[in-house]
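Next come the chains, spelled out residue by residue.
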Amino acid sequence: MDQAIKAAQSALGCGEYRQVLQLLEPVAAELPVTMKLGAEVRLLQATAHQGLGDGERAKQSCRAAAQCGDSELRRQARALLAVLEAPVLQVPSDRMVQLPQLGSMPALEGVAKAGRRSRRRQTPPPPAPPPVGRTRSPAGFAALAMAVLIGLTLLMAGCVRVDTDFHFTSPGRVVVEQQLQGTTASRQQPVLLGLQELAPWLQEQVSGASELMAEELPQPQLQWRERNWLVGVQQQIQLDWDLSGLDPVPGLELHLHVHPFSSAAVRQAEPPTQNEGAGQLDWQPQPGEANHLLLRCWRWSGLGLGSVAVLLLLLISLLLRQFQAGQRA
């Protein structure tokens, strides 16, 4: 049985898909889909069917492999099934270049003679092509393709790091930026969010990851509180993310960079935070654990301090005028 599987893998690398199916059919009949080896055989069959252009049988093999007891193979089967079930881009006929058939083209000799006879007479220039407008890429298909690629990267690349930066630049505002590093690197444009927008944004990102992984992920609970005391702002950020029911994903690293915050602002952190210097903290939520982070700090307000200074100067000026008026009297 092992020799048949190795021979099928070798034939698959050479593109001999029919031979792969012939080798694996008796093996698949003996191995149930719930076994790890049985699911691996169904994934090889799905690849061979796809190579032969039989998409339906490839989907059936992926659905069978998705019943395996191994969580990693289930994720791979569901990810491959998502690619197979992705909608096919339909290109309008007026935007396709159609080449004429060779049999319907005139002989080159006749074309050359006709060209020599028509050299002396001038022909009017051909009419301009009708305006068709600017070609636009289908946004829905591009988004789906990008989502599938990111999902396959997270599941199969083996080493993926997701960095999310939170820049608390001013009271009530935060700039969020995400970067994915794996076989390929991608970075999202920074997004400016308000006090009430950060929690829904974070939950939306987790919901998108749940769809890609075909597994329900617990939603993080974020609380962001601020109290303005005119001369400064007291901030408190609490993030709870219970991932104790999620199996660890090998090679996956989640990094949350929060700044400007120092280690003195950390009240509770499970797992512990790491100080990256320059007022920046790195917190890494771990699958299989109940993650908890609580930050509390005080930020001085330049505008508030300036207002207080102006009021003090006005008060001192009034007191000096009253004192001078009392001396004159």
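Predicted, not measured: the structure shown is a model, and the values here were computed from it.

Novice: I'm lost on the nonpolar core in this one. Help?
Specialist: A general trend in soluble globular proteins is that nonpolar side chains are found buried together. Of all hydrophobic cores here, the largest spans 22 residues; its most connected members are Phe-166, Phe-168, Val-174, Leu-198 and Phe-261. Of all the elements in the fold, those that place two or more residues in this core are strand E1 (160–170), strand E2 (173–181), helix H8 (198–213), strand E5 (221–228), strand E6 (232–242), strand E7 (252–259), strand E10 (281–283) and strand E11 (290–300). Contact partners of Phe-166, with chain neighbours within four places excluded, come to Val-174, Val-175, Val-176, Leu-198, Trp-201, Leu-256, His-257, Val-258 and His-259. Among the nonpolar cores identified, the runner-up in size contains 13 residues, and Leu-12, Val-27, Ala-28 and Ala-48 belong to it.

Novice: Mind showing me how you'd approach the sheet that holds E11 here?
Specialist: Within a beta sheet, neighbouring strands are joined by backbone hydrogen bonds and run either parallel or antiparallel to one another. An order of E5-E6-E11-E8 is seen for the 4 strands of this open sheet, with the pairing classed as antiparallel. Each end of this open sheet is capped by a strand with a single partner; those strands are E5 and strand E8 (266–270). Each strand of the sheet is rotated relative to its neighbour by a mean of 10°, with strand direction disregarded. Pairing geometry for E5 and E6, over 8 bridges, is antiparallel. Across the sheet, the residue bridging to Glu-226 is Gln-235, located in E6.

Definitions and limits used
- All residue numbers refer to positions counted from 1 along the written sequence of the respective chain.
- Side-chain atom pairs in this predicted model are given and counted only at pLDDT of 80 or more, local residue features only at pLDDT of at least 70, and totals for whole chains, interfaces and linings cover all residues.
- In computing side-chain properties, one takes all heavy atoms of the structure into account and sets aside hydrogens as well as water.
- We call a set of buried residues a nonpolar core when its members are Ala, Val, Leu, Ile, Met, Phe, Trp, Tyr or Cys and they connect through side-chain atoms within 4.5 Å of each other.
- Only protein chains enter the area calculation, which uses a 1.4 Å probe; residues under 20% of their type maximum are buried, those over 50% are exposed, and those in between are partly exposed.
- What counts as a helix is a DSSP run of H or I of at least four residues, what counts as a strand is a run of E of at least two, and both are numbered from the N terminus.
- Contacts are assigned to residue pairs with any non-hydrogen atoms lying within 4.5 Å of each other.
- Paired strands, as defined in this entry, are two strands with at least two bridges between them according to DSSP.
- Axis definition: a line fitted to C-alpha atoms, limited for helices to the stretch in contact. Angles are taken between N-to-C directions and run from 0 to 180 degrees.

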